[in-house]
Amino acid sequence: MKILAASVGHDSSVCLLENGNISFHMEEEKTTYNKKDPFPMYVFKELRKYIKGEIDYYIITHLNLPKLNPFIELFENDIPYKNGIKIKEKITLTDHHLMHAACSFYGSGFKESIVFVSDGGGNIVGDFKQQEIESVYVASYPDQFNLIEKLYRTYDHTNTDYSMGLAFQIVCEMLGYQWHDAGKIMGLAAYGKDNKDVEDFFIKINNKWVSNNFYYKGWKAKNYEELRNKPFQYKADMAYKIQNQSKERTLDRINDILKEHKLNNFIMSGGYALNCVNNYEYIKAFPNVNFYFDPLSNDGGTSLGAAKYFWHNLTQDKTIRILDSLYLGTDA
């Protein structure tokens, strides 16, 4: 059985699964050299080298953002057709955090695990008034992803909570970087120090972390000029604060989740799981926990997650296939 999945949106990618095994996975940016390229077009040309015969199921996965709607039909029909790919059945999967969870779980080697997904933002719900920012699942074979917690942010400021991933995005934009340059903030933090003049990103009240409205409102108002004129050290201190406070918040989140669910396997996925500096701190803080940090935590992994989830759901296959290499594209 051949399952082809394409993710549309930033970090767009394509994955080909044959009888449960990955034959091909590649992000569009690897062909165009356009970082975060949102439309998987040229990657289909590379994919053709791997396809023989018809595709049984073709899956489109994407965030349910209105701005993407005009492009979905293009990738459902035109792009595969123009590349000579014959498809028997088409399917759409739009549960964004579930796709992250599936990508990470099926590659981890665990039979059962907690999966913690944290990113800048996933699907929008409630008449497009809320956006998911964190999800926690208990995952097991063949296709069980029991949702035990989900956090949202709102667009009308009634709930200005934001995830660690969104906090990094806010800092990127405020300091004049691209929204997806969280890695630069992680690096900049090494030059920073604790500075009381820098506003907190997260505040702990009655053992619960809440987001500081100061940054959220400034971000939404795009009021950046004063901050961008600050000296380098202040910006480094700001990076230090978000790096450190996101770590402390996540340590508490991990501890609370582990207390409630007596599992020793813990997976992290979504964009925030790419923070390798903080990931090392979690390993040190919980030496008896088996951590797996998804190497495909960005949205490029969601095509793989969609293909894997659909396969295991359809076939009820319990075979564990560890992701032991990221060389899933062409040999060139």
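Before any of the text, the structure's been laid out above.
Since we're looking at a predicted model, the values are computed, not measured.

1. Considering the pairing of strand β11 (residues 208-211)
Part 1 of the argument: Only one face of β11 is covered, namely the face carrying Trp209 and Ser211; the face carrying Lys208 and Val210 is uncovered.
Part 2 of the argument: The pairing of strand β10 (residues 202-205) with β11 spans four bridges and is classified as antiparallel. What sits directly across from Ile203, in β11, is Val210.
Part 3 of the argument: Linking β10 to β11, which pair antiparallel, is a turn of two residues; within it Asn206 sits at a positive phi near 50 degrees.

2. Points about the packing of aromatic side chains
Part 1 of the argument: This structure, assessed with the given rule, holds 19 aromatic pairs.
Part 2 of the argument: Taking 6.1 Å as the distance between ring centres and 70 degrees as the angle between the ring planes, the aromatic pair formed by Tyr191 and Phe232 counts as edge-to-face. Of this pair, Tyr191 sits in the loop between α6 (182-188) and β10 while Phe232 sits in helix α9 (residues 232-260); the two residues are 41 residues apart in sequence, bridging distant segments of the chain.
Part 3 of the argument: Here Tyr191 falls in the exposed class, since its relative accessible area comes to 57%.

3. Regarding the packing of α9 against helix α10 (residues 276-285)
Part 1 of the argument: In the contact formed by α9 and α10, the axes pass within 10 Å of each other and the chain directions differ by 40 degrees. Between α9 and α10, the crossing angle belongs to the class labelled oblique. The two elements α9 and α10 cross, and the hand of that crossing is right-handed. The residues of α10 that touch α9, namely those facing Gln243, Ser246, Lys247, Thr250, Leu251 and Ile254, are Val277, Asn278, Glu281, Tyr282 and Ala285.
Part 2 of the argument: The class makeup of the residues in the contact of α9 with α10 is five nonpolar, four polar and two charged.

What counts and what doesn't
- Residues numbered from 1 in each chain as written.
- Predicted model: local features only at pLDDT ≥ 70, side-chain atom pairs only at ≥ 80, totals over all residues.
- Heavy atoms only, no water.
- Buried < 20%, exposed > 50% of the residue type's maximum accessible area, 1.4 Å probe, protein only.
- Helix = DSSP H or I, 4+ residues; strand = E, 2+ residues; numbered from the N terminus.
- Pairing = 2+ DSSP bridges.
- Phe/Tyr/Trp six-rings, centres within 6.5 Å; stacked < 30°, edge-to-face > 60°.
- Axes fitted to C-alpha atoms, helices over the stretch in contact; angles between N-to-C directions.
- Parallel < 35°, antiparallel > 145°, perpendicular 65-115°, else oblique.
- Left-handed = near helix turned anticlockwise from the far one by under 90°.
- Contact = heavy atoms within 4.5 Å.
- Nonpolar A, V, L, I, M, F, W, Y, C, P; charged D, E, K, R; others polar.

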